[in-house]
Amino acid sequence: MFSKIRKFFGPKKLSEGNKIVVNCEKLETRVALLEHGSLEEYTVERCNDENIVGSIFKGIVRNIEPGLNAMFVDIGLEKNAFLHFWDAIPEALDSGLEEIQRGGGKQNQGGGSAGGNKRKGKGKGGKGKGGRIQSKDIPNLYPVGSEVLVQVTKGPIGTKGPRITTNISLPGRYMVLMPRNDQLGISRKIEDPKERARLRKIMGEKLTVPDKMGVILRTVSAGQKVRYFVRDLAILLDEWDEVEEEAANCKAPACVFREPDLIERTVRDFLTDEIDEVLCDDEDASNRMKELIGVISRRSKKRIQYFPTQVPIFEKLGIQRQIDDAFYRQVWLPSGGYLVIDETEAMIAVDVNTGRAKSQDKMILQTNIEAAEEVARQLRLRNIGGLIVVDFIDMRARRDQMAVYKVMRERLRADKAKTQALQISQLGLMEMTRQRLHESLNITVNEPCHYCQGRGMVKSAESMSVELQRRLNGVLARNEGAQNELIVIVHPDVMERLRTHDGELFVELERRHNSRLTFRSDASYYREQVVIADAKTQKEIRD
């Protein structure tokens, strides 16, 4: 009864709860994650894009670079993949995971020494002391020409090829299977001690994890029943069997496991208990999502709603405006301050300014707190990563700096990418890192402007007038003695400058070189575009 009433009146208000909105079109699929009406994450996948992060390949080692402590592996792509020696060693659990002993006991705090599976197969030989593989052993384990099973951890970015690892992991709904690492772990984002104890017991006593394989329970596993874990593990083990069978039967280089598309990844990674509703404008995609989630939780199927609309769903729900704002260099804050975000290949620079806010200690603290919240949001929304430096407004009191730092740490906890933030330095700077797996949203959707060549600025009309005088002087000087007749075509802004300010300078240029100049404007030109042509032959004169 209530569900019928709800369908009649439509979905809940956008400002209520957490929602996922899916827009399916011919050329691309878009997914937006909303938290109380605010756009927090936005993902685009186009039909001609190939997302290889998470995919598993059977590759061939092409060359080893001891100076880089790395090797390059042919996985069948245009550029060879980069495999660092440390990524070819059995991996220890990071600090965000608690390692569990087989049998349910707590072993250590994560990040300890790597036990792991000692690899078998072609091209693998000696080990370091104590039977553990060390970086110096890698060239002998994987000589040039040997085959190796690897997983892509970072896609091609700019001129760099993909980055890979031999520490393969298969993510499921509630857990991650590590078929080549025998460690067990639980996400530290699950903070309740009783829940952690329950999961520890389930991990040690209820789950039958094969020898030399490991499992990590994800944050979403909190509060879930044992049968969900058993089902999830069975699905992942079947998946790994298929990977091994494919790898055994195919010839390298080849892809043996393809990371699922955006729809399936959304169901797997984002459709958690914290999500109140999923709205999708495509009926087939809605049904597919229900089938995928139904394997794990039939109750969750009710949260997926088909939302037919003539108007594009992102415009209908007011999401498109927030997406457009994500590409602006300047982002306004509620208090009147603003952020300036500059993205370079090496790092991201964020400048916090007071703007319309009054420069008082309380207002400065408020502006910086708002900035910390917005920076954490913008990192997720724009999918930018690498090294990030935030220049906060100077604060005198150390307690104010720590308050801003705590807000930043708290907001970063919601980020699925690995992040690390340092305390604010004496210069008012906060240094951060964020895991970068793909190109940023800006680079994915946009391309450098062919007018300004990515500078983000164009020369002023005055600068163009100066350059034009210099260029004409050079052209006329090369043909000194002849009566030159030239046609000069410029942008209307430049023409206005020549007409109102610099006309006498060009008349003097004509007299000096005994030439005739005819100026024309063309609105289709961009500011820095200038064409100089011979009036008789109509041929363009190039420097």
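Before any of the text, the structure's been laid out above.
Described below are features of the structure shown in this document. (Residues numbered from 1 in each chain as written. Predicted model: local features only at pLDDT ≥ 70, side-chain atom pairs only at ≥ 80, totals over all residues. Heavy atoms only, no water.)

### A short note on the pairing of strand S21 (residues 386–391)
The line we're drawing: Between any two strands, at least two bridges found by DSSP are needed for them to pair. Helical segments are the DSSP runs of H or I of at least four residues, strand segments are the runs of E of at least two, and each set is numbered from the N terminus.
Of the pairings in the sheet, the one linking strand S20 (residues 347–353) to S21 comprises five bridges and is parallel in character. Counted as the bridge partner of Met 347 is Leu 387 from S21. In this structure, S21 lies alongside strand S23 (residues 429–434), joined through six bridges in antiparallel fashion. Residue pairing in the sheet places Val 389 in a bridge with Glu 431 of S23.

### Quick look at the side chain of Glu 374
Keep this limit in mind: Accessible area is worked out with a 1.4 Å probe on protein chains only. A residue is then buried under 20% of its type maximum, exposed over 50%, and partly exposed in between.
With respect to the helices and strands, Glu 374 occurs in helix H9 (residues 361–382). Overall, Glu 374 belongs to the buried group, its relative accessible area being 14%.

### Some words on the pattern of salt bridges
The test is simple: Salt bridges are identified by distance alone: a Lys or Arg side-chain nitrogen within 4 Å of an Asp or Glu carboxyl oxygen.
Under the defined criterion, the tally for this structure stands at 27 salt bridges. A salt bridge links Arg 377 to Glu 40; the shortest N-O distance between them is 3.9 Å. You can see Arg 377 sitting in helix H9 and its partner Glu 40 sitting in strand S3 (residues 38–46), a full 337 residues away along the chain. According to the relative accessible area criterion, Arg 377 is buried, its value standing at 12%. With relative accessibility at 3%, the residue Glu 40 sits in the buried group. Linking Arg 268 and Glu 259 is a salt bridge whose minimum nitrogen-to-oxygen distance equals 2.8 Å. Like Glu 259, Arg 268 is buried. What emerges from the salt-bridge pattern is a single network uniting Glu 35, Glu 40, Glu 41, Glu 374, Arg 377, Arg 380 and Arg 411.

### A look at the sheet that holds strand S22 (residues 419–421)
This is how the line gets drawn: For helices, the fitted line uses only the C-alpha atoms of the stretch in contact; every axis is such a line through C-alpha atoms, and the angle between N-to-C directions lies from 0 to 180 degrees.
Spatially, six strands are ordered S18-S19-S20-S21-S23-S22 in an open sheet, and the strand pairing comes out mixed. Only two strands of the sheet have a single neighbouring strand rather than two, namely strand S18 (330–332) and S22. On average, each strand axis in the sheet is tilted by 20° relative to the strand beside it, whichever way the strands run.

### Description of unusual backbone geometry
Glycine aside, residues mostly have negative phi angles, and peptide bonds mostly take the trans form. A cis amide bond links Ala 252 to the next residue, Pro 253, at an omega of -5°. Structurally, Pro 253 can be placed in the loop between helix H4 (226–249) and strand S15 (254–257). Look at His 36: it is not a glycine, yet its phi comes out positive at around 55°. With respect to the secondary-structure elements, His 36 resides in the loop between strand S2 (28–35) and S3. The phi angle at Asn 69 is positive, at roughly 55°, despite the residue not being glycine. Mapped onto the elements, Asn 69 comes out in the loop between strand S4 (56–65) and strand S5 (70–74). Since its relative accessible area comes to 35%, Asn 69 is described here as partly exposed.

### What about the pairing of strand S13 (residues 184–187)?
Residues of S13 alternate between two faces, with Leu 184 and Ile 186 on one and Gly 185 and Ser 187 on the opposite face, all of them buried. Direction of pairing for S13 relative to strand S14 (residues 214–217): parallel, over a ladder of three bridges. Residue pairing in the sheet places Leu 184 in a bridge with Val 215 of S14.

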